[in-house]
Amino acid sequence: MTLCMAWMLFFFVKISNAQPVQLKNAAIAVSPSVPDPMRTTVVKVLQEEISKRTAIRLNTTGSWPVKSVPVIAIVLSSDKEYTGKKVPVSSNTASAEYKKEGYRVVSENNGGQQVIWIIGADTRGVLFGAGWLLRNLEMKNKTLELKQPVNIASSPLYPIRGHQLGYRHTANSYDAWTVQQFDEYIRELAIFGSNAVEGIPFHEDDKGSPHFKIPASEMRIRISEICRAYDMDYWVWTPVEFDLKDKNRRDAELQVHEQFYKACPRLDHIFFPGGDPGDNHPSEVLPFLHELQKRLIKYHPNAKMWISLQGFNTEQIDYFYQYLENYNPDWLEGVVSGPSSPPIAETRYRLPATYKHRQYPDITHSVRCEFPVEKWDQAYALTLGRESVNPRPYAFAKIHETYAPFTDGFVSYSDGNHDDINKIIWSMRGWDVHKDVDEILREYCRFFFNDKVEYSAAAGITALEQNWNGALAANGGVEATLSYWQKLEKENPALKNNWRWQMLLLRAYYDAYTRRRLLYEQRLEEKANTILAKATKADADKAMDDALAMVNTADKIPAAPDLRQRIVELCDDLFVSTGLQTSVDKYQAKGYERGCVLDFVDYPLNNRWWLADEFAKIKALNDADEKLKYIQHICRWEHPGNGSYYDDVSSVSKGPRIKTISDDATDIAWWDNGKSRKRLSFQTFQGTPQLDYKDLDPNARYIIRVCGFGEALLRVDGIRLSPLQYNKEADTFKEWIIPLSLTQDGKITVSFDEPEESHLNWRQHSRISDIWLLKQ
């Protein structure tokens, strides 16, 4: 054995044999150099969070306790000693505990006395050091231990790490919270490295919420007080949705702002979203913001003003940058990049280095948003929808890593605590971009659940993210994930009232229920199509009745009623535990798109609503031949015959030849408050899809048929074709003959040019939902 190997073995044995520090009788001692309110706050955080999990309440001491009492000593790195004890800081002043918000946590045996030092560079460093300790303690009933030795020093990579918590009815949960719930949640975000909270004040007051515990005008001041206690930056998002040329309204708005500024005990940043919402030109916006800044610094001298370029057109964006070049405004701190902003890299490139750049990432939505779930199965989009419980740890770690280098940090867009895990991922990767995602999840589970489920629950969260990967019907892992979480649920009854636990269970049950319904209801439609395929002119009406009865079996004999019942129970539990509003009627959510998964739990996953409407049209026809032709068209929709192909555009399960995706997932429709009776394929679409076809018969003639709305400027192998049929109305058809010369090599590429529709609202843009290649 070499000397090096022997040393490593000795070191391993020494570490593995080290007994954990027993802290249940520890006293907390805080150096006088730590100023209030943090001096009080950090003690309160440690005492309360430990007591919740262990029923142990640590005492505090103003002097160093006797040797028999372990000590948690909280100091600043500028303290060279505390009560005669040398503070174990690094001699290297470039070490983390000297950097802004940095800390060092050290375990030490001081003459037989166990000491845990929390050494902060500043007040935030003290709190973040305490957060590290809480995330790494072993806490259970009457047990409080820390594995040793510990000597960890850390400071954040990005200076801005925050989340929007809007007390408004638009949110799916925040509007139901008490002051205490906001305090607890903001504290938990700080424990995981967040240093900022963004509120949504002013005109949201007028709208109110049936769930408000106190008026919004009061809550926003209370949140400011909470931020002061935890030394977290308080941002506010303040759009203007009226014409700033209206002098009376402009003056009134300035007055409203000033009253708010005066009332806030802490206020650090004002964020004005340029044109989302709002329609004012930057020539009006920038002078208005300058006026706001003058009022802001009267009450908060160090507070900053920010603007986003969201919704601005090219001329307006150019005007903004020209303004910076001409006036070099020192009253403006920086630019925020969020949904509908110019590309984030372009913004950093064009923005002078003197101005900061903050990201405003949408971590709260799954579809029709900035960062949609890639190739999300339509069954999920129709049921879980835009704002469901959405843990996406690995996806958002990658997204953060991609965009963060162009910024000084982020304050996320969030409309509820359903995105809680995403917040933690962003916070901790904003602190350390290389921190392992699984390690973050394990710390999350250890702190919010217990160390018993640290590994298993973290793996379960990862499994939930994989539930959304690819075609749902082919994802057998969804059933395994349900079984896994049911086992965790059974083994951990003490967690049944924990809202984070309830959310993860809800997703496991909901995903599996949706998959079972999808398989069942799609099979029923296949059977219905078989019935229709056998129809004759003599029995066409009966065939339609029988086919409709077949697909409607899903309503009479539902799939997995036991899973559905558990979903209902969990939605009830979540409304009680955290105010999560999963239904408009039952829980008074603001709208169906706002996380109302219970309202869509039974949305049809076959075409039974559309078939009922189409059959009524067919029965009204007088021509028996036309009736039968219409029926055959329906039953062969997805099965056009040998040698022919069908693709449901933007369907991950039924569009195998589609090569394109929509970056913002606006290819998933939201019609009739999510209760559209349209054919399911009509509700997935793109404007300019691309497809590749192989193994074509070089001797055969082919026709391309497209269903959609508006224009479809077809090219085959780059050649623009003229149509045989070209209907522009919604859900109508267009057809083209493909020249034989293009299919001689047995393959073609189909693409579509983008029509000029910049003058139209995006909802009126052309769309293509279904594409057939029909062999003649």
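Position numbers for residues count from 1 along each chain, tracking the sequence in the order it is written. Side-chain atom pairs in this predicted model are given and counted only at pLDDT of 80 or more, local residue features only at pLDDT of at least 70, and totals for whole chains, interfaces and linings cover all residues. Excluding hydrogens and water, the side-chain values take into account all heavy atoms of the structure.

Novice: Give me the lowdown on a positive patch on the surface, citing residues and values where you can.
Specialist: Exposure above 30% relative accessible area and the lack of any salt bridge qualify a residue for a patch; like charges then connect within 9 Å, and the nonpolar side chains Val, Leu, Ile, Met, Phe, Trp and Tyr within 5 Å. Reported accessibility uses the Shrake-Rupley method at a 1.4 Å probe radius. Residues are deemed covered only where the shown protein chains occlude them. Salt bridge, as applied in this entry: a Lys or Arg side-chain nitrogen positioned within 4 Å of an Asp or Glu carboxyl oxygen. Just so you know, the count uses Lys and Arg for positive and Asp and Glu for negative, and it drops His and the chain ends. Throughout, a charge is located at the NZ atom of Lys, the CZ atom of Arg, the CG atom of Asp or the CD atom of Glu. Where like charges cluster on the molecular surface, the positive patch consists of Lys375, Lys659, Lys694 and Lys747. Here Lys694 lies in the loop between strand E21 (691-693) and strand E22 (702-709). To qualify as a helix, a DSSP run of H or I must reach at least 4 residues; to qualify as a strand, a run of E must reach at least 2; elements of each kind are numbered from the N terminus.

Novice: Quick one: what's the story with the packing of aromatic side chains, residue by residue and with numbers?
Specialist: Each Phe, Tyr or Trp ring (for Trp, its six-membered ring) is paired with any other whose centre lies within 6.5 Å, and the angle between the two planes then decides the class: stacked below 30 degrees, edge-to-face above 60, tilted in between. Counted by the stated rule, this structure contains 47 aromatic pairs. Taking 6.0 Å as the distance between ring centres and 10 degrees as the angle between the ring planes, the aromatic pair formed by Trp671 and Phe685 counts as stacked. Here Trp671 is found in the loop between strand E20 (645-648) and E21, whereas its partner Phe685 is found in the loop between E20 and E21, with 14 residues between them in sequence. Criterion for a charge above a ring: Lys NZ or Arg CZ within 6 Å of the ring centre, and within 35 degrees of the ring normal. Positioned above the aromatic ring of Trp235 is the side chain of Arg358, whose terminal nitrogen or guanidinium carbon lies 4.6 Å from the ring centre. When the ring centre of Phe271 is taken as reference, the NZ or CZ atom of Arg358 above it lies at 4.9 Å.

Novice: Lay out the pattern of salt bridges in plain terms, naming residues and giving numbers.
Specialist: Scanning the model with the defined rule gives 63 salt bridges in all. Its salt-bridge partner being Arg161, residue Glu101 comes within 2.6 Å of it at the nearest N-O pair. One end of the pair, Glu101, is in the loop between strand E6 (85-86) and strand E7 (103-110); the other, Arg161, is in strand E12 (residues 160-164), and 60 residues separate them in sequence. Any residue under 20% of the maximum accessible area for its type is buried, any over 50% is exposed, and the rest in between are partly exposed; the area is computed with a 1.4 Å probe on protein chains only. Residue classification places Glu101 among the buried positions, given a relative accessible area of 4%. We note a salt bridge from Arg124 to Asp233, for which the minimum N-O separation is 2.5 Å. Of this pair, Arg124 sits in helix H3 (residues 123-136) while Asp233 sits in strand E14 (residues 233-237), and the two are 109 residues apart along the sequence.

Novice: Which residues make up the pairing of strand E13 (residues 196-199), and what values go with them?
Specialist: Residues Ala196 and Glu198 line one face of E13 and the alternating positions Val197 and Gly199 line the opposite face, and both faces are buried. Two elements, E12 and E13, share three bridges in a ladder whose sense is parallel. Bridge pairing in E13 links His163 to Val197. As a crossover connection, the stretch from E12 through helix H4 (residues 179-191) into E13 is right-handed. Here the rule is simple: two strands pair whenever DSSP picks up at least two bridges between them. For E13 and E14, the ladder comprises four bridges, and the chain directions are parallel. The crossover handedness rule: strands pointing away from the viewer, path from first strand over the helix to second strand clockwise, crossover right-handed.

Novice: Outline the side chain of Arg386, supporting the account with residue identities and numerical values.
Specialist: Take Arg386: it is sitting in the loop between helix H11 (378-383) and helix H12 (393-403). This buried residue, Arg386, is left without a salt bridge; Glu593 holds the nearest opposite charge, at 4.1 Å. Residues contacting Arg386, with those up to four places away along its chain left out, are Thr364, His365, Ser366, Val367, Arg368 and Glu593. The contact criterion used is simple: two residues touch if any of their non-hydrogen atoms lie within 4.5 Å.

Novice: Describe the sheet that holds strand E26 (residues 732-738), with residues and values.
Specialist: An order of E20-E28-E22-E26-E25 is seen for the five strands of this open sheet, with the pairing classed as antiparallel. Each having just a single partner strand, E20 and strand E25 (725-726) make up the two edges of the open sheet. For E22 and E26, the ladder comprises seven bridges, and the chain directions are antiparallel. Bridging from a neighbouring strand, Ile704 pairs with Trp736 of E26.

Novice: Pulling in residues and values, what's your account of the pairing of strand E28 (residues 767-775)?
Specialist: Walk down a regular strand and you will see the side chains alternate between the two sheet faces. Counted residue by residue, E28 has eight buried out of nine residues, so it is predominantly covered. As paired elements, E20 and E28 share four bridges and run antiparallel to each other. Residue Asp648 lies in a different strand from E28, and its bridge partner there is Asp770. Both E22 and E28 contribute to a ladder of eight bridges, which runs antiparallel. The residue of E28 that forms the bridge with Cys707 is Asp770.

Novice: Describe the nonpolar core, and please don't skip the residues or the numbers.
Specialist: Judged by nonpolar contacts, the single largest core of 158 residues is most densely connected at Ile72, Phe449 and Trp485. Setting aside anything within four residues of it in sequence, one finds Phe449 in contact with Tyr444, Ala457, Leu495, Asn498, Arg500, Trp501 and Leu504. In plain words, nonpolar cores are sets of buried Ala, Val, Leu, Ile, Met, Phe, Trp, Tyr and Cys residues tied together by side-chain atoms within 4.5 Å. Counting residues in hydrophobic clusters, the runner-up holds 24 residues, among them Ala528, Leu532, Leu611 and Cys707.

Novice: Mind laying out the packing of helix H15 (residues 454-467) against helix H17 (residues 499-533), listing which residues take part and the relevant values?
Specialist: Packed helix pairs are characterised by how far apart their axes lie and by the angle those axes make with each other. With their axes 11 Å apart at the nearest point, H15 and H17 run at an angle of 40 degrees to one another. Classified by the angle their axes make, H15 and H17 are oblique. Taken as a pair, H15 and H17 cross one another with a handedness that is left-handed. Contact with H15, carried on its side by Ala457, Ile461, Leu464 and Asn467, involves Trp501, Leu504, Arg507, Ala508 and Asp511 of H17 and no other residues of that element. Lines fitted to the C-alpha atoms define the axes, with helices restricted to the stretch that makes contact. Angles between their N-to-C directions range from 0 to 180 degrees. For classification purposes, an angle smaller than 35 degrees is called roughly parallel, one larger than 145 roughly antiparallel, one from 65 to 115 roughly perpendicular, and anything else oblique. Note: crossing handedness is left-handed where the near helix turns anticlockwise from the far helix by less than a right angle, and right-handed where it turns clockwise.

Novice: Explain the packing of helix H18 (residues 540-551) against helix H22 (residues 608-619) to me, and be specific about the residues and the numbers.
Specialist: As a packed pair, H18 and H22 sit with axes 10 Å apart at the nearest point and diverge in direction by 170 degrees. With respect to their mutual orientation, H18 and H22 come out roughly antiparallel. When the axes of H18 and H22 are compared, the crossing they make is left-handed. Judged by residue contacts, Asp541, Met544, Asp545, Ala547, Leu548 and Val551 of H18 engage Arg608, Leu611, Ala612, Phe615, Ile618 and Lys619 from H22. Only Asp, Glu, Lys and Arg are considered charged, only Ala, Val, Leu, Ile, Met, Phe, Trp, Tyr, Cys and Pro nonpolar, and every remaining residue, Gly among them, polar. For the contact of H18 with H22, the per-class residue count stands at eight nonpolar, no polar and four charged.

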